[in-house]
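Notes for the structure review
Chain by chain, the residues run as shown.
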Amino acid sequence: MQILRCAPRRVPLLAWCFAMFALLASFLSMPLSARVVSAIPAAQSASSSQPDFGPNVFIFTPDMPQSEIQAKVDSVATQQVSNQFGTQRYALLFAPGTYGSSTSPLNFQVGYYTAVAGLGLSPNDVVINGSIYVRNQCIGANNCIALVNFWRSLSNLTINVTTPNFGCYSGEFWAVSQAAPMRRVHVNGFATLMDYCTSPSFASGGFIADSEFDGSTIVNGSQQQWLVRNSKLDGWSNGVWNQVFSGVVGAPAQCFPKGGACGNPYTTLPTSPVTREAPYLYIDSSGHYNVFVPAVQFNSSSTTWGSGPTPGTSIPIENFFIANPTDSAASLTAALASGKNLILTPGVYQLNQTIEVTHPDTVVLGLGFATVVPQKGNIAMMSAAGSQGVMISGILFDAGPTTSPALLQIGTGNAGGGNDASDPAVLSDVFFRIGGAAAGSATTSLVVNSNNVILDDIWAWRADHGTGVGWTVNTADTGVIVNGDNVTAYGLFVEHYQKFEVIWNGNGGTDIFFQNEMPYDPPSQAAWMEAPGVDGWAAFKVPDSVTSFTGYGMGSYSFFDKGVNIFAAHAFEVPTTLPASSLHDLLTIFLSTAGQGGILNVVNDTGGSSTIANPDAPVTVVSYP
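Let me begin by describing the structure that accompanies this report. (Residues numbered from 1 in each chain as written. Predicted model: local features only at pLDDT ≥ 70, side-chain atom pairs only at ≥ 80, totals over all residues. Heavy atoms only, no water.)

**Observations concerning the overall build of the chain**
What the chain contains, in helices and strands, is 4 helices and 46 strands. A compact globule built from 625 residues should have a C-alpha radius of gyration of about 25 Å, and the chain, at 23 Å, falls within 12% of that. With respect to the three principal axes, the spread of C-alpha positions in the chain is 70 × 60 × 45 Å. When burial is assessed residue by residue, the chain has 63% of its 625 residues classed as buried. Contacts in the chain between residues at least 24 apart in sequence constitute 70% of all its contacts with a sequence separation of at least 6. With the model as given, the accessible surface of the chain reaches about 18,900 Å², and the carbon-plus-sulfur share is 54%. Taking the 21 positively charged and 39 negatively charged side chains of the chain as two groups, their mean positions are separated by 6 Å. (Helix = DSSP H or I, 4+ residues; strand = E, 2+ residues; numbered from the N terminus. Rg over C-alpha atoms; globule rule 2.2 N^0.38 Å. Buried < 20%, exposed > 50% of the residue type's maximum accessible area, 1.4 Å probe, protein only. Contact = heavy atoms within 4.5 Å. Areas by Shrake-Rupley, 256 points an atom, 1.4 Å probe, with all protein chains shown as cover. Lys, Arg positive; Asp, Glu negative; His and termini not counted. Charge placed at Lys NZ, Arg CZ, Asp CG, Glu CD.)

Structure below.
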């Protein structure tokens with residue numbers, strides 16, 4: 001995610017680009033009426049006595065003048081579209097009802113640290129006739145990219161795509177990279193994950209869950225990798241390196257690696273083994289605010305809401321402590337200890353001690369990318385021993401000036417325990433950052449000690465650009481350590497850490513989609529050695545004590561940019577004693593011709609090398625061992 005260089009995440013083949021643009025032309029030649037399907041439910045009104053969510057939560061109602069709504073969302077976008085490391089945070093929330101029309105659509109852009117969500121119980125309760133879009137950022141002549149379009153979200157609403165007079169930008173554009181999830185969204189009409197209107201259009205996403213797309217094939221375009229989970233598609237245009245589908249109706253058929261009769265690199269699982277959707281805020285038919293907690297599902301596919309109400313339970317807003325950034329960690333812990341759940345309103349929370357989640361089935365919900373920063377080398381947040389049913393969602397954990405042992409710890413000890421599979425703890429859209437906004441350090445970003453935890457869209461990022469960045473400045477050993485058994489991860493993005501980036505110590509674990517970039521900045525090979533005679537550090541380490549682990553669609557990339565040859569002996573290190581075919585569809589890539597060194601083996605000593613000899617070309621292992 002090099003802000004000054006496009007090379008690390010570029011589309012590999014010019015010929016492929018021409019073919020893709022030909023495909024796009026065929027989509028765009030269709031009349032808009034042929035690409036849009038309408039679905040408008042009945043409107044409801046928001047309560048006049050809504051809770052105090054602070055100054056950076058804007059709640060819109062259908063009876064507000066559209067010009068007023070347009071002015072507000074545009075003013076937030078103007079501030080946030082280029083505000084990559086700013087402190088401003090926003091939530092734009094739409095009460096049940098319909099916004100915009102075919103003749104006067106509501107169209108607006110989403111920038112950094114902005115969460116857009118409907119406040120209905122179902123995505124069909126909030127309808128936007130228009131578009132909610134993310135486009136490339138142009139950071140120089142002929143350098144318009146989506147590679148750094150992080151930290152924004154779209155959830156729980158329906159979009160009837162209506163973009164008259166938008167020219168090339170006609171359609172629903174969601175050109176994002178990591179930490180920009182789309183959840184519980186129903187898109188009727190043309191949708192693209194690539195902004196092909198400005199070049200070179202490189203993109204490195206992404207995550208979609210519990211969503212439905214009707215009326216058009218989704219354009220993947222230049223997106224190098226993507227995970228779609230428990231959704232419904234009306235078609236998917238192509239893949240680049242690692243497109244993964246889990247429990248998706250209408251997903252492309254399994255095809256890995258790229259090439260041959262099937263053409264594109266698709267890893268496709270018919271069902272997801274165990275899922276639990278993210279909790280969300282909603283307004284009921286009486287105008288009262290609640291948080292809905294979806295139920296766990298096993299071996300599921302498609303959306304939770306397409307055939308009826310999402311299974312689960314509601315928690316009234318009175319059962320939440322609604323925090324603001326001036327509240328102390330001690331006050332938040334006290335509220336949690338009293339049995340309250342917790343909502344973190346938008347802002348940056350400077351924490352002098354750990355937020356302790358002490359009760360089972362507690363919900364901790366961040367609005368507008370609420371950000372927590374430990375200030376005294378403390379763990380930012382920790383849940384109790386078993387963490388039974390604890391749900392943490394929508395929070396950015398930022399390393400502070402004094403090294404923390406971890407930023408978030410789920411469960412105490414380090415040998416697993418607690419957390420019944422029928423009521424699992426879930427981390428949804430939880431993100432970690434070491435440096436970038438300011439110098440910071442943490443030994444590990446996320447430690448999972450409890451059993452049966454679900455990780456659902458995690459991005460752990462040691463910054464490669466921004467403020468406080470350097471090999472000895474934003475130090476961090478490992479992104480994620482899993483000690484618990486039967487932990488399941490979907491959409492695990494872990495990048496640039498200085499030792500093993502993921503260590504998976506628990507048995508019975510499953511990872512569906514892994515995306516990694518090794519650190520760009522080791523100053524020398526001697527400074528980056530796992531052991532004498534073992535160059536570099538593997539991106540994903542499963543130690544020999546583990547007897548069972550399953551992985552699907554897992555990629556690791558290298559771009560060593562310090563002008564010296566740096567090598568990693570392996571991208572993945574796992575026990576050779578795992579059951580046959582425990583790992584599926586692995587790949588490594590040497591990013592661009594500007595780097596040096598590379599990765600010598602894909603998994604253990606299996607698979608070829610990715611170096612300057614084969615830039616931007618996946619080196620794959622289909623099954624291991």
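**Looking at the side chain of Thr510**
By the element assignment, Thr510 lies in strand β37 (residues 509-517). The residues contacting Thr510, other than those within four sequence positions of it, are Val487, Thr488, Ala489, Trp504, Phe549, Thr550 and Tyr552.

**Overview of the environment of Leu344**
In this structure, Leu344 sits in strand β24 (residues 341-344). When its relative accessible area of 0% is taken as the criterion, Leu344 is described as buried. In this structure the C-alpha to C-alpha distance between Leu344 and Gly54, which are 290 residues apart in sequence, comes to 10.0 Å. Those residues within four positions of Leu344 in sequence are excluded, and the remaining contacts are Ala323, Leu332, Tyr349, Leu365, Gly366, Leu367, Ala370, Val372 and Ile395.

**Some remarks on the sheet that holds strand β19 (residues 280-283)**
In spatial order, the strands read β19-β20-β22; together these 3 strands make up an open sheet with antiparallel pairing. Of all strands in the sheet, those bounded by a partner on one side alone are β19 and β22 (312-316). Looking at each pair of strands side by side, their axes are set apart by 35 degrees on average, direction ignored. Across 5 bridges, strand β20 (residues 289-294) lies against β22 in antiparallel orientation. If you follow Phe292 over to β22, its bridge partner there is Ser314. (Pairing = 2+ DSSP bridges. Axes fitted to C-alpha atoms, helices over the stretch in contact; angles between N-to-C directions.)

**Some remarks on the packing of aromatic side chains**
Following the criterion strictly, the structure yields 37 aromatic pairs and no others. Ring geometry for Phe493 against Phe513: centres 4.9 Å apart, planes inclined by 50 degrees, an arrangement best described as tilted. Linking Phe493 in strand β35 (residues 488-495) with Phe513 in strand β37, this pair joins segments that are 20 residues apart in sequence. According to the relative accessible area criterion, Phe493 is buried, its value standing at 1%. Ring geometry for Phe514 against Phe540: centres 5.1 Å apart, planes inclined by 85 degrees, an arrangement best described as edge-to-face. Note that Phe514 is positioned in strand β37 and Phe540 in strand β40 (residues 540-541), a separation of 26 residues in sequence. (Phe/Tyr/Trp six-rings, centres within 6.5 Å; stacked < 30°, edge-to-face > 60°.)

**Remarks on the sheet that holds strand β34 (residues 478-482)**
In spatial order, the strands read β26-β28-β30-β32-β34-β36-β40-β43; together these 8 strands make up an open sheet with parallel pairing. Each edge of the open sheet carries a strand with a single partner, namely β26 (355-357) and β43 (572-573). Across 3 bridges, β26 lies against strand β28 (residues 381-383) in parallel orientation. Pairing of Ile355 across the sheet is with Met381, part of β28.

**A short note on the nonpolar core**
Core analysis: the largest hydrophobic core is formed by 88 residues, its most contacted members being Phe94 and Trp151. Counting residues per element, this core draws most heavily on strand β2 (residues 90-94), at 5 residues. Residues Tyr349, Leu408, Leu427 and Val619 belong to the second largest nonpolar core, which totals 75 residues. (Core = buried A, V, L, I, M, F, W, Y, C linked by side-chain atoms within 4.5 Å.)

**Here we look at unusual backbone geometry**
In the segment running from Ser199 into Pro200, the intervening peptide bond is cis, with an omega of 5 degrees. At the junction of Phe256 and Pro257, the peptide bond is cis and its omega measures out at 0 degrees in the coordinates. With respect to the secondary-structure elements, Pro257 resides in the loop between β16 (242-246) and β17 (266-269). Positive phi, close to 60 degrees, is recorded for Asn156, a residue that is not glycine. Position of Asn156 among the secondary structure elements: in strand β9 (residues 152-161). Backbone geometry places Asn165, a non-glycine residue, at a positive phi of 65 degrees.

**Side note on helix α3 (residues 66-80)**
Under the 1.5 Å per step criterion, the end-to-end length of α3 is 21 Å for 15 residues, consistent within 8% with the ideal 21 Å. All of the buried residues along α3 are Ile69, Gln70, Val73, Val76, Ala77 and Gln80. Viewed along the axis of α3, the buried residues span an arc of 135 degrees, placing them on a single side of the element. Exposed and oriented more than 90 degrees from the buried face of α3 are Ser67 and Thr78. Summarising the contacts, the buried residues of α3 are in contact with β1 (57-60), β2, β3 (97-99), β4 (106-109) and β5 (114-118). (Expected span 1.5 Å × (residues − 1). Arc of directions from axis to C-beta.)

**A word on helix α4 (residues 329-337)**
Within α4 the residues assigned to the buried category are Ala329, Leu332, Thr333, Ala335 and Leu336. The buried residues of α4 all sit within an arc of 160 degrees when viewed along its axis, so they share a single face. Looking at the buried side of α4, the elements it contacts are β23 (320-323), β24, β25 (348-351) and β26. Two residues or fewer after α4 comes Gly339, characterised by a positive phi angle close to 105 degrees.

**Section: the state of the cysteines**
Chemically, a disulfide is nothing more than a covalent bond linking the sulfur atoms of two cysteines. Counted under the stated rule, the structure contains 3 disulfides. Through a disulfide, Cys138 is tied to Cys144; the S-S separation comes to 2.0 Å. Handedness of the Cys138-Cys144 disulfide follows from its S-S torsion of about 110 degrees: it is right-handed. Between the sulfur atoms of Cys168 and its disulfide mate Cys197 the distance is 2.1 Å. In this structure, the disulfide formed by Cys168 and Cys197 twists by about -100 degrees around the S-S bond and is classed as left-handed. (Disulfide = S-S within 2.5 Å.)

**Considering the pairing of β25**
Covered by surrounding structure in β25 are Tyr349 and Leu351 only, the residues Val348 and Gln350 on the alternate face being uncovered. Alignment of β25 against strand β27 (residues 363-374), held across 4 bridges, turns out to be parallel. Residue pairing for β27: Gln350 is matched across the bridge by Val373.

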